[in-house]
Amino acid sequence: MRTVLILAEIKDDKLRNVTFECVAAAQKIADGGKIIAAVFGENRSSHSAILGYYGADQVYVVPHHLLNMYTPDAYTQAFVQVIETIDPDVIFMGHTSIGKDLAPRVAARLGLGLVSDSIDVALEDGEIIFTRPIYAGKAFQKKKIQEGRVFATIRPNNIGVGEMDTGRPVEQKNVTLDIQDLRTMIKDVVRKTTSGVDLAEAKVIVSGGRGVKSAEGFAVLQELANVLGAAVGASRGACDAGYCDYSLQIGQTGKVVTPDLYIACGISGAIQHLAGMSNSKVIVAINKDPEAPIFQVADYGIVGDLFEVVPLLTEEFEKA
Ligand code: FAD
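Description of the structure in this document.

Criteria and thresholds
Residues numbered from 1 in each chain as written. Predicted model: local features only at pLDDT ≥ 70, side-chain atom pairs only at ≥ 80, totals over all residues. Heavy atoms only, no water. Near = heavy atom within 4 Å. Polar contact = N/O pair within 3.5 Å; in protein donor to acceptor, adjacent residues only side chain to side chain. Areas by Shrake-Rupley, 256 points an atom, 1.4 Å probe, with all protein chains shown as cover. 1 Å grid on protein atoms, 1.4 Å probe; cavity = no way out; pocket = protein on both sides within 12 Å on 5 of 7 lines; lining within 4 Å. Sits in = over half its atoms within 2 Å of the grid points. Helix = DSSP H or I, 4+ residues; strand = E, 2+ residues; numbered from the N terminus. Nonpolar A, V, L, I, M, F, W, Y, C, P; charged D, E, K, R; others polar. Buried < 20%, exposed > 50% of the residue type's maximum accessible area, 1.4 Å probe, protein only. Pairing = 2+ DSSP bridges.

1. Remarks on the site of the ligand
Surveying the vicinity of the ligand reveals 26 residues, the closest of which are R210, S235, T253, S268 and Q272. Within the contact set of the ligand, a nitrogen atom lies 2.9 Å away from a side-chain nitrogen or oxygen of K213. In this structure, G254 approaches the ligand through a main-chain N or O atom, which is 3.4 Å from an oxygen atom. Contact with the protein chains covers 76% of the free accessible surface of the ligand, which is 990 Å². The cavity that encloses the ligand is the second largest pocket. Sorting the residues of the shell around the ligand by element identifies α6 (236–240), α7 (271–277) and α9 (306–319) as the ones contributing at least two each. When grouped by side-chain class, the residues that make up the shell around the ligand number five nonpolar, 15 polar and six charged.

2. Brief notes about the pairing of strand β11 (residues 150–154)
With respect to burial, β11 is a largely interior element, five of its five residues being buried. Both strand β7 (residues 115–118) and β11 contribute to a ladder of two bridges, which runs parallel. Across the sheet, V115 pairs through a bridge with A152, a residue of β11.

This is the structure in structure tokens:
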């Protein structure tokens, strides 16, 4: 039996999907033990019920005003205190921009090992085994923590979310923590991206490369994305050329995504781009060069001019 602690992540007042994936991961290995979620920030206790529906047994709410927005200092202090109070066997959080920043800090503070960016977790002969991609997604590594508490980050969109049971009760505890001597504080967050769909957790992504040729060209992709309820992504080529913001970059030095459908428009398929999207469930490539390497990873390929093909797709999906 293992006690598993999950740090819930909230964006735009909603729990991020990866939090539910962490709960699903916890269910795989808890072995009858307790699943506890920690929720940081004021006025967030309304999230407890839904965490319970998905499988959390207990929710620790820490309604501190310094936790309303993520700062490495405050969250590290709070998470360390929560871990010391709960004393879990296993800790999970999303491999999101917060997870990538926070997990190593907390692991270092507590002297724990960390398995980052796991795409699966399983019990093998009673041991917790993580699967994580290596060599830019070309191979997979199985890993376990040799000794001590298990701490891992979970890549979004891989483990999937379990069944919801609206009759499942959850116990909520409000916890008061002492947070002090902060070196940084966030006053305000100014967003650059306008699309409402979160790229890291999007089920469908329409992505553009240097073949899109201009910032205006991206409007054509945005139209298709709007019809599909998709997020817009980009290659570094497109970002470097100034066609779009770096927050859209997908790849080795950008975001890693695993949508159900990835539509690559005017992207050649360089290894560094593939590192960020090759685990997508279905890949559609639109490129006018039949030799473009993107076709080697694509499930469906369309050889043609994206400025002809994408509007046709938009038109057809609008009818559906
Ligand atoms: P290009 O390679 O120029 O390809 C453009 C494609 O568009 C071509 O295949 C062309 O045939 C097609 N095309 C042109 N016009 C049209 C049209 N009208 N219709 C249809 N197709 C058309 N790249 C990333 O993407 N993400 C990363 O995170 C990343 N990290 C990197 C890290 C390092 C250390 C390095 C060295 C490089 C990295 N890169 C990354 C860059 C990467 O190597 C490529 O340079 C980049 O991915 C190329 O972008 P692209 O495919 O948009 O452009």
